[in-house]
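Structural overview
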Amino acid sequence: MAETYVQRRDADGRKDLRYPAAPEPLTVPVYDNHAHLEIADGPSTGSATQQGLTLSEQLDRAEEVGIAGVVQASGDIESSRWAVDAAASDPRVLAAVAIHPNDAPVYAAEGRLEEAIAVIDELAAHPRTRAIGETGLDYFRTDEPGRPAQHESFEAHIALAKKHGIAMQIHDRDAHDDVLEMLTRVGAPEKTVFHCFSGDDAMARVAADAGYWLSFAGNVTFKNAQNLRDALAVTPLDRILVETDAPFLTPEPLRGRPNAPYLVPITVRFMAAQLDLEVDELCAHLAANTLAVYGAFS
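So, here's what we can say about the structure. (Residues numbered from 1 in each chain as written. Predicted model: local features only at pLDDT ≥ 70, side-chain atom pairs only at ≥ 80, totals over all residues. Heavy atoms only, no water.)

1. A word on the side chain of threonine 267
- Looking at where threonine 267 falls in the secondary structure, it is placed in helix 9 (residues 264–275).
- Apart from residues lying up to four places away in sequence, threonine 267 is in contact with Ala217, Gly218, Val220, Val242 and Pro251. (Helix = DSSP H or I, 4+ residues; strand = E, 2+ residues; numbered from the N terminus. Contact = heavy atoms within 4.5 Å.)

Written out as structure tokens, the structure reads:
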């Protein structure tokens, strides 16, 4: 396990870096569809000198509250290798490997994008790699000059998902129309997931009608995210997934604290209330959908 590859988030501006208390466990286990556990975040003991949780600690905490597994997402060569190592070392992890759309222009500027995608191709062949992700388009952080590299990378990643017969996790930020257009033009992989879905109800209908899955993160609980709640309301139950995008997007009322897979139950219970469903019923759908997309964890 490549424990030496660990990133850290800048703590500036965050008021409380302690991990929150564990929520009430779910009685029907579900899965965290998308997390970045290679990013150490928050003191594990309340001491600022001991930051982060080990992979095993993250997974143990998650399992204690009914989170049976985690899809570890990636954004560059190093995190993709880390994801495969993590999945190979623990049956509760599956890997998703990719060059993030905001990293694609960086690799392209260095003349290394083709090389980087070749590495992702190799890592995608590992039996514990079950998705290409996260890939897609991001017009929020990448300006016009970098977008051709994003398009090139996205199309190459679509081809990799098809080649290896695995799912694809899409990062879509302020690029809804172009993401949907490319999926239609080049043909989407059989199992396509909009990670941290960020559109509205109209886009949700288009995506669901196309056979894509929509994954909802903790930001569905945010007060200013009515568009996400509207999208959730119109998404068929067999197309819904849940994720943390940890350590980001911690659900209310813990927004700003470190996020982790063991906090998934907060988002699940919020989603169930929005959909007027029993929590166990929603959990059964979420678990079945995850396994349909990625296959068995062990």
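2. Section: the environment of aspartate 178
- Take aspartate 178: it is sitting in helix 6 (residues 176–186).
- Its relative accessible area of 33% is what places aspartate 178 among the partly exposed residues.
- Measuring from C-alpha to C-alpha, the distance between aspartate 178 and leucine 137 comes to 7.9 Å, with 41 residues separating the pair along the chain.
- Setting aside its immediate chain neighbours within four residues, aspartate 178 contacts Leu137, Tyr139 and His151. (Buried < 20%, exposed > 50% of the residue type's maximum accessible area, 1.4 Å probe, protein only.)

3. Observations concerning the layout of surface pockets
- The computed volume of the largest pocket comes to approximately 900 Å³.
- Around the largest pocket, the lining comprises 34 residues; the ones closest to its centre are His100, Glu134, His171, Arg173 and Asp245.
- Within the residue set of the lining of the largest pocket, elements represented by two or more residues are strand 1 (7–8), strand 6 (129–138), strand 7 (167–173) and helix 8 (226–234).
- Per-element tally for the lining of the largest pocket: the top contributor is strand 7, with 3 residues.
- Looking at the lining of the largest pocket, its residues break down into 7 nonpolar, 14 polar and 13 charged. (1 Å grid on protein atoms, 1.4 Å probe; cavity = no way out; pocket = protein on both sides within 12 Å on 5 of 7 lines; lining within 4 Å. Points joined across faces, edges and corners; volume = space filled by probe spheres on them. Nonpolar A, V, L, I, M, F, W, Y, C, P; charged D, E, K, R; others polar.)

4. Section: the nonpolar core
- Core analysis: the biggest nonpolar cluster contains 77 residues, and Ile132, Phe154, Leu183, Phe194, Phe216 and Val268 have the highest contact counts within it.
- Element by element, the count of residues in this core is highest for helix 4 (residues 113–124), at 7 residues.
- Each residue touching isoleucine 132, except ones within four places of it in the same chain, is listed here: Val97, Ala98, Ile120, Ala124, His157, Leu160, Ala161, Ile166, Ala167, Met168 and Gln169.
- Counting residues in hydrophobic clusters, the runner-up holds 13 residues, among them Tyr31, Ala96, Ala131 and Leu241. (Core = buried A, V, L, I, M, F, W, Y, C linked by side-chain atoms within 4.5 Å.)

5. Notes on unusual backbone geometry
- In this model, alanine 246 is joined to proline 247 through a cis peptide bond whose omega is 10°.
- Here glutamate 252 and proline 253 are connected by a cis peptide whose omega angle stands at 5°.
- Along the polypeptide, proline 253 turns up in the loop between strand 10 (240–242) and helix 9.
- A positive phi angle, near 60°, is found at leucine 249, a position not held by glycine.

6. Some remarks on the state of the cysteines
- In total, this model carries 0 disulfides according to the counting rule given.
- Cysteine cysteine 196 remains unbridged, with the sulfur of cysteine 283 as its closest cysteine sulfur at 19 Å.
- Judged by its relative accessible area of 13%, cysteine 196 falls in the buried class.
- With a relative accessible area of 0%, cysteine 283 lands in the buried category. (Disulfide = S-S within 2.5 Å.)

7. Focus on helix 8
- Residues of helix 8 that are buried: Leu228, Arg229, Ala231 and Leu232. Mapping the buried residues of helix 8 onto a view down its axis gives an arc of 160°, with all of them on the same face.
- Residues of helix 8 that are buried make contact with helix 7 (201–209), strand 9 (213–216), strand 10 and helix 9. (Arc of directions from axis to C-beta.)

8. A look at the sheet that holds strand 10
- An order of 2-4-5-6-7-8-9-10 is seen for the 8 strands of this open sheet, with the pairing classed as parallel. Only two strands of the sheet have a single partner each, and these edge strands are strand 2 (30–35) and strand 10. The mean inter-strand angle of the sheet, taken between neighbouring strand axes irrespective of direction, is 30°.
- Where strand 8 (residues 192–194) and strand 9 come together, 2 bridges link them in parallel fashion. When the sheet's bridge partners are listed, phenylalanine 194 is paired in strand 9 with leucine 214.
- Along the sheet face, helix 5 (residues 147–164) touches strand 6 and strand 7 and points at about 160° away from the line of strand 6. (Pairing = 2+ DSSP bridges. Axes fitted to C-alpha atoms, helices over the stretch in contact; angles between N-to-C directions.)

9. With respect to the packing of aromatic side chains
- Per the counting criterion, the structure on display carries 5 aromatic pairs.
- Consider the rings of phenylalanine 194 and tyrosine 212, whose centres lie 5.9 Å apart with planes at 45°: the pair is tilted. Of this pair, phenylalanine 194 sits in strand 8 while tyrosine 212 is found in the loop between helix 7 and strand 9, placing the two residues 18 residues apart along the sequence.
- The exposure class assigned to tyrosine 212 is buried, which follows from its relative accessible area of 8%.
- Connected via pairs of aromatic rings, a cluster forms that spans Phe194, Phe197, Tyr212 and Phe216.
- The positively charged end of arginine 239 is found above the aromatic ring belonging to tryptophan 213, 4.0 Å away from the centroid.
- The ring of phenylalanine 222 carries arginine 255 above its face, with NZ or CZ at 3.7 Å from the centroid. (Phe/Tyr/Trp six-rings, centres within 6.5 Å; stacked < 30°, edge-to-face > 60°. Lys NZ or Arg CZ within 6 Å of the ring centre and 35° of its normal.)

10. Regarding the pairing of strand 6
- Within strand 6, 10 of the 10 residues are buried, which leaves it mostly tucked inside the rest of the structure.
- Pairing of strand 5 (residues 93–97) with strand 6 involves 3 bridges; the strand directions are parallel. When the sheet's bridge partners are listed, alanine 95 is paired in strand 6 with threonine 129.
- With respect to chirality, the unit in which strand 6 leads through helix 5 into the neighbouring parallel strand 7 is right-handed. (Right-handed = clockwise from strand over helix to strand, strands pointing away.)

Read these as spatial facts, not as claims about activity.
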